[in-house]
Amino acid sequence: MTDQVVAGLLKTNAGYIPLDTTITDGADNQEVKTDATFTVTSQSIGTFAEGQTLQAGYVSAKTGIFYAYILRNGTNICNIMSIASRTCVGQIMLKSVSNSVTLKPGDQLVVRTEA
């Protein structure tokens, strides 16, 4: 197992949410939080963007992501575009989410990476 930096961007009706979290490959589902460089502290997306409507986004890791979704109370409420690998030049762009959701405190962006 290795550590992977998962980065991305989510678009809401009020602006953008920058993402950046280091997680371990193959260690089951893990939460990706906001990028503290831009948001002062690393936070869950539901806490950072409470009341905002999620419209588009993407997440990527160096070697690949199996899936990415928004978790609310144990349920997948919205899928997020995940780029297979950062080596896919030109593929990183915002894609519409599977369904628009209004973020609530406790909502998490969950991913699983593989080496």
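Each remark here, short or long, concerns the structure printed above.
Quick caveat, the model's predicted, so the values are computed rather than measured.

A. Layout of the overall build of the chain. Within the chain one finds 2 helices and 9 strands. Along the chain direction, N to C, the helices and strands of the chain fall in the order β-β-β-α-α-β-β-β-β-β-β. For the chain, the C-alpha radius of gyration of 13 Å lies close to 13 Å, the compact-globule estimate for 115 residues. Seen through its principal axes, the chain has C-alpha atoms that stretch 35 × 30 × 25 Å. Across the 115 residues of the chain, 44% fall into the buried class. For the chain, the share of sequence-separated contacts (at least 6 apart) that also reach a separation of at least 24 residues comes to 62%. For the chain, the accessible area works out to roughly 5,700 Å², and carbon and sulfur atoms hold 50% of it.

B. Expanded view of the nonpolar core. Grouped together as the largest cluster of nonpolar side chains are 22 residues, with contacts concentrated most on I80 and L109. Of all the elements in the fold, those that place two or more residues in this core are β1 (3–12), β2 (15–24), β4 (53–60), β5 (65–72), β6 (75–79), β8 (95–102) and β9 (108–113).

C. Here's a closer look at the environment of N79. On the secondary structure map, N79 appears in strand β6. When the C-alpha atoms of N79 and S98 are compared, they prove to be 5.4 Å apart, with 19 residues separating the residues in sequence. Contacts of N79, omitting those with residues within four sequence positions, involve A68, Y69, V97 and S98.

D. Representation of the pattern of salt bridges within the structure. By the definition in use, this model includes 2 salt bridges. Here R72 ties to D107 by a salt bridge, and the two come within 2.8 Å at their closest N and O atoms. In this pair, R72 sits in strand β5 while D107 sits in the loop between β8 and β9, placing the two residues 35 residues apart along the sequence. Like D107, R72 is buried.

E. Seen up close, unusual backbone geometry. One non-glycine residue, V40, adopts positive backbone phi at about 70°. Inspection of the secondary structure assignment puts V40 in the loop between α1 (36–39) and α2 (45–48). Non-glycine residue N73 carries a positive phi angle of around 50°. Using a relative accessible area of 75% as the deciding quantity, one classes N73 as exposed.

F. Summary view of the packing of aromatic side chains. Under the criterion given, the structure shown has 1 aromatic pair. Ring centres of Y67 and Y69 lie 5.9 Å apart, and the angle between their planes is 35°; on these two criteria the pair is classed as tilted.

G. Up close: the side chain of Q30. Positionally, Q30 belongs in strand β3 (residues 30–32). Here Q30 falls in the buried class, since its relative accessible area comes to 18%. Among the polar contacts listed, one links the side chain of Q30 to the backbone oxygen of T24, at a separation of 2.7 Å.

Basis of the calculations
Residues numbered from 1 in each chain as written. Predicted model: local features only at pLDDT ≥ 70, side-chain atom pairs only at ≥ 80, totals over all residues. Heavy atoms only, no water. Helix = DSSP H or I, 4+ residues; strand = E, 2+ residues; numbered from the N terminus. Rg over C-alpha atoms; globule rule 2.2 N^0.38 Å. Buried < 20%, exposed > 50% of the residue type's maximum accessible area, 1.4 Å probe, protein only. Contact = heavy atoms within 4.5 Å. Areas by Shrake-Rupley, 256 points an atom, 1.4 Å probe, with all protein chains shown as cover. Core = buried A, V, L, I, M, F, W, Y, C linked by side-chain atoms within 4.5 Å. Salt bridge = Lys/Arg side-chain N within 4 Å of Asp/Glu carboxyl O. Phe/Tyr/Trp six-rings, centres within 6.5 Å; stacked < 30°, edge-to-face > 60°. Polar contact = N/O pair within 3.5 Å; in protein donor to acceptor, adjacent residues only side chain to side chain.

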